[in-house]
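# Residue-level structural notes
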Amino acid sequence: MVTKKCVAMLLAGGQGSRLGVLTKNTAKPAVPFGGKYRIIDFPLSNCTNSGIDTIGVLTQYKPLKLNSYIGIGQPWDLDRLNGGVTILPPYMKQTAGEWYSGTANAICQNIEFIEAYHPEYVLILSGDQIYKMDYSAMLEFHEEKNADVTIAILEVPWEDAGRFGIMNTDEDNRIYEFVEKPKNPISNKASMGIYIFNWKKLRQYLMEDQSTPGSSNDFGKDIIPKMLKDNESMYAFPFKGYWRDVGTIQSLWEANMDLLEEAPELDLYDPGWRIYSRNPVEPPHFIALGANVRRCIITEGGIIYGDVYHSILFSGVTVGRGSKIHNSILMPNVKVGENTIIENAIVAENTVIGDNCYIGYRAHTDEDDMMDAKGNEITVIGENLVLPSGYKLGKGIMIDSDNFLAYQAVV
Amino acid sequence: MRDTMGIIFTGESNISLQELTLRRSVAALPFGGRYRVIDFTLSNMINSGITNVGLITQNNYHSLMDHLDSGKQWDLDRKSGGLFILPPYVSHDNTGWYRGEIDALHNNMSYIRRSPQKTVVISGSSMVCNLTFEDAMEFHRDNMADITVIYKEDKKATNEELSRHTLIRTDESNRVWDIEVKPAVPMSDKVSMEMYIIDKRLFEYLIEECAARGQYDFNKDILIKNLNKIRILGYPYDGYLAKIDSVQSYFTHNLELFSSENFQELFHHAGPVYTKVKDEVPAKYGDHAVAANSLVADGCVIEGHVENCVLFRGVKIGEGAVVKNSIIMQDSEIQEKAVLENVILDKEVIIRKGRHLIGQECYPVVIRKKAVI
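Residues numbered from 1 in each chain as written. Chains lettered and ligands numbered in written order. Predicted model: local features only at pLDDT ≥ 70, side-chain atom pairs only at ≥ 80, totals over all residues. Heavy atoms only, no water.

So, about the overall build of chain A. When its secondary structure is counted, chain A shows 9 helices and 29 strands. Each of the three principal axes of chain A carries a C-alpha extent, and together these read 65 × 50 × 45 Å. Buried residues in chain A amount to 59% of all 411 residues. Summarising the internal contacts of chain A: among those between residues at least 6 apart in sequence, 60% fall at separations of at least 24. For chain A, the computed accessible surface area is about 16,800 Å², with 50% contributed by carbon and sulfur atoms. Within chain A, one finds 37 positive and 52 negative side-chain charges whose respective centroids are separated by 3 Å. (Helix = DSSP H or I, 4+ residues; strand = E, 2+ residues; numbered from the N terminus. Buried < 20%, exposed > 50% of the residue type's maximum accessible area, 1.4 Å probe, protein only. Contact = heavy atoms within 4.5 Å. Areas by Shrake-Rupley, 256 points an atom, 1.4 Å probe, with all protein chains shown as cover. Lys, Arg positive; Asp, Glu negative; His and termini not counted. Charge placed at Lys NZ, Arg CZ, Asp CG, Glu CD.)

Listed below in structure tokens is the structure:
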């Protein structure tokens, strides 16, 4: 009998519609981040580094890229004889099949997977967050408190508290109240959407929830409130450190740009807590004579002839002579021609931009203004596009293969 | 090419590489920013579709084994075939030391016999290039060769350079009629790339024959002695080739990669070059970084000035430091305001603040592993 103390369930099925064209053909957890990673590298690496080697990844929306990225889990050292990573899509049952109707429903439909490992605890994770966290410390806390559920919380700035699910706790961190997006928060302890449950308890609540008519089968909306109501033992595990939900274009852009700080809060260089990823087979990047690269992140396979400032370039990106890339994110294999300007933009995978283009074009250009731009009105270009030479695109516009010709600015 | 097995020799003599090969074989020598020399030979075999590779090791093979591991990164962790590392061993008729290539092969006859493939591609590991063996194989079959030697006609090479290699002379039908091993006065500029194609049954026979007579040198005893008995042909290769045979050539060949032609030929021509994955963070450039004409691997943090440099993974260049025409291996650190020119830093070297190290283009300074200056 294979026994695992704790099994992790990673919710990776959301569409992430707020990321627009970036998730048109791919699930949110497979969105590239930070020069060589994809969002899902963070929870997967955290699991490996925390000693959790059994992970179910629940997929539903556009899973192809995500599935092939995860593979058998070798990059995260999750290709194991017992456990490892397992992809769990929705499936047909004897009489009918159904999609995952909510986060709790997704777990409920995979009770068999969890039971195969006879775990004491189940860790619930989401696939749209950037952070480094030792889940084993949280598990220890959970055991120490003898809790039924432990919810990881982050103290957010008071002015932001209204945007989160807020936990009100006593001095022992026991949760006595949970308020979703409170108008007048009395605490700034925001739920990070990371839970450890006693499996027996969770199983019982999942079954109950399934048979409750009108339930949305969601952890935050149904399971947690019900457990609170029943006065179960619920604790808040305070997390300190960098944590970002990257569910929107703005937050994704900002979290990327955070890495460009002098000493980023998210330390990716820590040899004791590496973030693993599937590495492309590419040579070192090449900076040509006459190129100008400052305050930027560039990875292998890049070939740079132009100017790159305050930007993140993924693998295999080329920037032609005379081109200027400012405050932008160029995802894998983006090719930029010569004398093209790209400002405050996110360009998705494999897109080719011709010569003399201007992406993020604005009516009045001002050098200082450009340098100080805080990323408002980010221009987003979808994947696999070929933008012809001379193409101009105004700031804040989002284009994909269906509409890129319609948005071409006439200058 | 599934019908072909690969054998790689990694025990080349390496006196002229001095400190660079003090504790590693030439095969394990870092090259091109994130590779070791062996990666190119192995990738050539994989990109040719060869999935059974025997790797003969001799001295200082620890760092090589560490690098190769199970062969997973080269897709050589196979159920059938895969990567076989063949170090010397002691038994009642083995000395625990390979006396030459043929001795090494003879000691591993059971592996060679057991392999189901019909043809063998043999390669040394000090020639860095990106090719597949498919064309040479076709040539080998079409011309009914017994042994095909892949060579490069190197018109630019000096006599001194040529005399470090095995040279061949061919007639108009590509038949090899003369072979000289490290001649003092080179008679030919056709450099053997130490890559051979041979039918496996003939290969087995020749090894047994030589071993029985106490002959252990592949070039001298198999090739030269049989020039008139078997059909040895030369196959010309005309792509990019870096011969790693001295500190000077190691230095120039690394710095040659800045030409986009060489870069394309070596890294993309016949297929990708595989290597061990290190899970490094992407390279980061600071506010005052200046970089020109340089190859930079992941994990580097550049605050200073680099020009004409190859930076391996995890190199740190401090603010105000100026590094020109240099090769900086993995995890070395150059602190603020240090000045380096024409230098090869081995792994994990630290150059302290403000130090100056200037070599000459024709004589680069080599700093050994883990030195602190």
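After that view, the rundown keeps rolling.
A few words on the pattern of salt bridges. All names here are of chain A. Counted by the stated rule, this structure contains 42 salt bridges over all chains. For E349, the salt bridge is made with K65, and the minimal N-O distance between the two is 3.5 Å. Linking E349 in the loop between β23 (345-347) and β24 (352-353) with K65 in helix α2 (residues 64-70), this pair joins segments that are 284 residues apart in sequence. You can call E349 buried: its relative accessible area is 10%. In this structure K65 comes out as partly exposed when scored by relative accessible area, which is 24%. (Salt bridge = Lys/Arg side-chain N within 4 Å of Asp/Glu carboxyl O.)

Right, let's get into the environment of E265 of chain A. Residues and elements named next belong to chain A. Here E265 lies in the loop between α8 (249-258) and β14 (285-287). A sequence separation of 134 residues divides E265 from Y131, and the C-alpha atoms of the two residues are 9.9 Å apart. Leaving out residues up to four positions away in the same chain, E265 has contacts with G241, Y242 and R244.

At the interface, 40 residues of chain B touch 39 residues of chain A. Buried area between chain B and chain A, summed over both chains or domains, comes out near 3,100 Å², and the portion from carbon and sulfur atoms is 52%. Summed over the three residues of chain B that lose the most area to chain A, namely D279, K284 and Y285 of chain B, the buried surface amounts to 22% of that side. The interface formed by chain B and chain A contains 4 salt bridges. The residue E300 of chain A makes a salt bridge to R34 of chain B at a minimum N-O spacing of 3.1 Å. Counting across the interface, chain B meets chain A through 21 residue pairs in polar contact (both at pLDDT 80 or more). If you list the elements that add at least two residues to the side of chain B that touches chain A, you get α10 (260-267), β16 (283-285), β17 (290-292) and β18 (294-296) of chain B. Counting residues per element, the side of chain B that touches chain A draws most heavily on α10 of chain B, at 4 residues. When its residues are assigned to classes, the side of chain B that touches chain A shows 20 nonpolar, 10 polar and 10 charged. (Buried area = accessible area lost by both parts, 1.4 Å probe. Polar contact = N/O pair within 3.5 Å; in protein donor to acceptor, adjacent residues only side chain to side chain. Nonpolar A, V, L, I, M, F, W, Y, C, P; charged D, E, K, R; others polar.)

Looking now at helix α5 (residues 135-144) of chain A. Residues and elements named next belong to chain A. What α5 keeps buried is the set Y135, M138, L139, F141 and H142. In a view along the axis of α5, the buried residues occupy a sector of 160°, so they form one face of it. Turned more than 90 degrees away from the buried face of α5 sit E140 and E144, all of them exposed. The positive-phi residue at the C-terminal boundary of α5 is N146, with phi of around 55°. (Arc of directions from axis to C-beta.)

Before going further, it helps to examine a negative patch on the surface. A cluster of acidic residues, E134, D135, E138 and D142 of chain B, forms a negative patch at the surface. Summarising the element assignment, D135 of chain B is placed in helix α5 (residues 134-142). (Patch = residues over 30% accessible without salt bridge, like charges linked within 9 Å, V, L, I, M, F, W, Y side chains within 5 Å.)

Take the state of the cysteines next. Tallying each qualifying case throughout the model produces 0 disulfides over all chains. Just so you know, C296 of chain A is unpaired, no disulfide at all, and the nearest cysteine sulfur is the one on C300 of chain B, 13 Å from it. Residue classification places C296 of chain A among the buried residues on the basis of a relative accessible area of 0%. (Disulfide = S-S within 2.5 Å.)

This part takes up the packing of aromatic side chains. All names here are of chain B. Tallied over the entire structure, the rule returns 25 aromatic pairs over all chains. Here the aromatic rings of F40 and F267 are separated by 6.5 Å at their centres, their planes lie at 40°, and the arrangement is tilted. With F40 in helix α1 (residues 37-47) and F267 in helix α10, this residue pair connects regions lying 227 residues apart in the sequence. Like F267, F40 is buried. (Phe/Tyr/Trp six-rings, centres within 6.5 Å; stacked < 30°, edge-to-face > 60°.)

What follows concerns the side chain of S277 of chain A. Along the polypeptide, S277 of chain A turns up in the loop between α8 and β14. Beyond its immediate stretch of four places on either side in the chain, S277 of chain A contacts K36, Y37, D41, Y69, P75 and W76 of chain A together with D279 of chain B.

A few words on the packing of helix α6 (residues 199-210) of chain A against helix α7 (residues 219-229) of chain A. Residue and element names in this part refer to chain A. Relative orientation of the contacting elements α6 and α7 amounts to 115°, with a least axis distance of 11 Å. Considering how the two elements wind past one another, α6 and α7 form a crossing that is right-handed. Two secondary-structure elements touch here, α6 through K201, L202, Y205, L206, E208 and D209 and α7 through F219, D222, I223, K226 and M227. In terms of residue class, the contact of α6 with α7 is built from 6 nonpolar, no polar and 5 charged. (Axes fitted to C-alpha atoms, helices over the stretch in contact; angles between N-to-C directions. Left-handed = near helix turned anticlockwise from the far one by under 90°.)

Just distances and angles here, no functional claims.
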